[in-house]
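Residues per chain are reported as follows:
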Amino acid sequence: MSSHLNEKLAFDFTQAEFLDIKRKPLDVFPSVLRPYLELIRLEKPTGTKLMFWPFAWGLTMAAYSVKMHWTTYTFRLMQCLLSAFIIRSSACTINDIFDRKMDAGVERTKNRPLASGRISVFAATSYALMLYAVGTAWFYLTVEDLALSVALVQLLPILDPPPCKRTIPISFAIYPLLKRVTYWPQAWLGFAMNFGLMTAWVSTTNTFDTPILVTAMAACCWTMLYDTIYACQDIEDDLKMGIRSTAILFGSYIRPLLIACGCSFVVLLCGAGILNGQGPAFYTLSVGGLLLHLIRQWWTVDLEIPKSCWANFNSNGQLGWIIWLGLVIDYAINLRLIQANLWA
């Protein structure tokens, strides 16, 4: 009896310990704050990673091109991380406001704060406006001129940024609306997610150059790939709720679409490297590593199993490291060569 009781207590402790781990990190915050932290997906960092990597790639390519000092680069990289977090937080909030009724009909999203009724639309809208205000102030403090316009176009739903003379509807407020009218919302998301590339590049060079535009096209293909995999989790529920996506449009031909997006990503990234004069580390680690990672994704993903789709979607957050590593090694080698020439 004593042995059985000890085993049961040990099991209960292990189970309780597991549940305690599972509740983190949001349970360390007061309960009144948790719905707002869920709105910005604080407990799911993959989205912030996917938002951050275009910033990091653009900054590193620009730093390589203009031979930026490493202390300035490090400081700017930290700025990019915070910028990505702010933009992603506002994007998730506005997305949930528009999608609250649809989310309530999808198994995976029915417990989100707005869909479950834990917070009101008014509270969420006020929260979104606060995030927009914080983001606007942040970009006014950290970037200027053309880069400021580019950053605000990504952050805000509608604006008339200087020096433009027209209203431009853009950013993430459009994405949830497109899911109602077109099967290609992933294409728009590719455009919105990767504006950080141009913000980081323009803030460093103050120009729009061909290398960064080609890199942005490559990143759009990447977003199409991972968000199509993400959409495969909810195909049955999406069909019931009238939500459209490339996953639904292509049906049994999703895998060829993913292969096309992945191949385009590799080719365009390689082309961007050529245009920017990148060195061997970029082609070996960034392009070669990207190709191997994509092959692994195609080999392991089961598009009919939501858990497999979720795991492969999350792996794209790690893919950013591979591309950045080749870029930053190229940048470091370039700086060392410059220093060597100065001391010669």
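Check the entry above for the structure.
What counts and what doesn't
Every chain begins its residue count from 1, and numbering advances along the sequence as written. pLDDT decides what is reported in this predicted model: residues at 70 or higher carry local features, side-chain atom pairs at 80 or more are listed and counted, and totals for whole chains, interfaces and linings draw on all residues regardless. Note that the side-chain values use all heavy atoms of the structure and ignore hydrogens as well as water. Each helix is a run of H or I in the DSSP string that is no shorter than four residues. Each strand is a run of E no shorter than two, and both are numbered from the N terminus. Buried means the residue's accessible area, taken with a 1.4 Å probe over protein chains only, is under 20% of the maximum for its type, while exposed means over 50%, and partly exposed covers the values in between. In this description, contact between two residues means that some pair of their heavy atoms is separated by no more than 4.5 Å. A fitted line through C-alpha atoms serves as each axis, taken over the contacting stretch for helices, and the angle formed by two N-to-C directions is quoted from 0 to 180°. The labels follow the angle: roughly parallel below 35 degrees, roughly antiparallel above 145, roughly perpendicular from 65 to 115, and oblique for the rest. Throughout this entry, Asp, Glu, Lys and Arg are counted as charged residues, while Ala, Val, Leu, Ile, Met, Phe, Trp, Tyr, Cys and Pro are counted as nonpolar. The remaining residues, Gly among them, count as polar. Counting of polar contacts relies on pairs of N or O atoms within 3.5 Å, with two restrictions inside protein: one atom must be capable of donating a hydrogen and the other of accepting it, and residues adjacent in sequence are counted only when both atoms are side-chain atoms. Here the aromatic set is Phe, Tyr and Trp, taking the six-membered ring for Trp, and pairing holds for ring centres within 6.5 Å; pairs whose planes are under 30 degrees apart are stacked, those over 60 apart are edge-to-face, and all others are tilted. Remark: nonpolar core denotes a set of buried residues (Ala, Val, Leu, Ile, Met, Phe, Trp, Tyr, Cys) joined through side-chain atoms within 4.5 Å. For this document, the term salt bridge refers to a Lys or Arg side-chain nitrogen within 4 Å of an Asp or Glu carboxyl oxygen. Here a patch means residues that are over 30% exposed by relative accessible area and free of salt bridges, tied together within 9 Å if like-charged and within 5 Å if nonpolar (Val, Leu, Ile, Met, Phe, Trp, Tyr). Per-residue and other accessible areas were derived by the Shrake-Rupley procedure at a 1.4 Å probe size, with only the shown protein chains allowed to occlude residues. Every helix has an expected span of 1.5 Å times one less than the residues it contains. Throughout, the bend at a residue refers to the angle made by two axes, fitted to the seven residues ending there and to the seven starting there. Our working definition of a disulfide is a cysteine sulfur pair at a distance within 2.5 Å.

J.: I'm lost on the overall build of the protein in this one. Help?
T.: Across its full length, the protein holds 15 helices and 2 strands. Buried residues in the protein amount to 51% of all 344 residues. In the protein, the share of contacts with a sequence separation of at least 24, taken over all contacts with a separation of at least 6, comes to 70%.

J.: Before we go on, may I ask you to explain the packing of helix H3 (residues 46-66) against helix H13 (residues 254-276) in this structure?
T.: Helix packing geometry: the angle between the two helix axes and the distance between the axes. For the pair H3 and H13, interaxial distance at closest approach is 11 Å and the crossing angle is 25°. Taken together, the axes of H3 and H13 lie roughly parallel to each other. The segment H3 lies against H13, with Trp57, Met61, Tyr64 and Ser65 engaging Phe265, Ala272 and Asn276. For the contact of H3 with H13, the per-class residue count stands at 5 nonpolar, 2 polar and no charged.

J.: Looking at this structure, I do not really get the side chain of glutamine 297. What am I missing?
T.: Mapped onto the fold, glutamine 297 is located in helix H14 (residues 280-300). A relative accessible area of 2% means that glutamine 297 is categorised as buried. A distance of 3.1 Å separates the side chain of glutamine 297 from the side chain of asparagine 316, its partner in a polar contact. With residues up to four places along the chain from it excluded, the contact list for glutamine 297 reads Leu225, Ile229, Asn312, Ser315, Asn316 and Leu319.

J.: What's the story with the packing of aromatic side chains in this structure? I'm lost.
T.: For any two aromatic rings, the description comes down to two numbers: the centre-to-centre distance and the angle of the planes. Tallying each qualifying case throughout the model produces 17 aromatic pairs. With centroids separated by 5.1 Å and ring planes inclined at 50°, the aromatic side chains of phenylalanine 52 and tryptophan 53 adopt a geometry described as tilted. On the basis of relative accessibility, which here comes to 11%, the residue phenylalanine 52 falls in the buried class. These aromatic residues form a ring-pair network of at least three members: Trp57, Trp222, Tyr226, Tyr230, Phe265, Trp310 and Phe313.

J.: What is the right way to look at the nonpolar core in this model?
T.: Nonpolar side chains in soluble globular proteins tend to be buried together. Among the nonpolar cores identified, the biggest contains 87 residues, and Trp57, Tyr73, Phe139 and Phe265 are the most heavily contacted of them. It is helix H10 (residues 210-231) that provides the largest number of residues to this core, a total of 13 residues. What phenylalanine 265 contacts, discounting residues up to four positions off in sequence, is Trp57, Ala218, Ala219, Cys221, Trp222, Leu290, Leu294, Leu319 and Ile323.

J.: I'm lost on the pattern of salt bridges in this one. Help?
T.: Between side chains of opposite charge, a pair can form when the charged atoms approach closely. Counted according to the given criterion, the structure contains 9 salt bridges. We note a salt bridge from glutamate 38 to arginine 118, for which the minimum N-O separation is 2.8 Å. Placement of glutamate 38 in helix H2 (residues 34-39) and of arginine 118 in the loop between helix H4 (70-104) and helix H5 (121-142) is noted, with a sequence separation of 80 residues between them. On the accessibility criterion, arginine 118 (40% relative accessible area) is partly exposed. Put simply, aspartate 99 and lysine 179 hold a salt bridge, and the shortest N to O gap is 2.5 Å. Within this pair, whereas aspartate 99 is found in helix H4, its partner lysine 179 is found in the loop between helix H7 (174-178) and helix H8 (185-193), the two being separated by 80 residues in sequence. The exposure class of lysine 179 is buried, given its relative accessible area of 12%.

J.: For this particular structure, what's the right way to read a nonpolar patch on the surface?
T.: Among the surface-exposed residues, Val28, Phe29, Val32 and Leu33 lie close enough to one another that they form a single nonpolar patch of about 360 Å² accessible area. Within the fold, leucine 33 resides in the loop between helix H1 (2-23) and H2. Leucine 33 gets classed as partly exposed once you look at its relative accessible area, which sits at 40%.

J.: Teacher, can you tell me more about H4 here?
T.: In an α-helix, one turn spans 3.6 residues, which is why side chains three or four residues apart end up on the same side. Across its 35 residues, H4 extends 48 Å between first and last C-alpha, which sits within 8% of the 51 Å expected from 1.5 Å per residue. Where H4 bends most, the angle comes to about 60°, and this point is phenylalanine 98.

J.: It is not clear to me how the state of the cysteines should be interpreted in this structure. Could you clarify?
T.: Note on terminology: disulfide describes a covalent bond linking the sulfur atoms of two cysteines. On inspection of all chains with the given rule, the structure shows 0 disulfides. As a non-bridged cysteine, cysteine 309 has cysteine 232 as the owner of its nearest cysteine sulfur, 4.9 Å distant.

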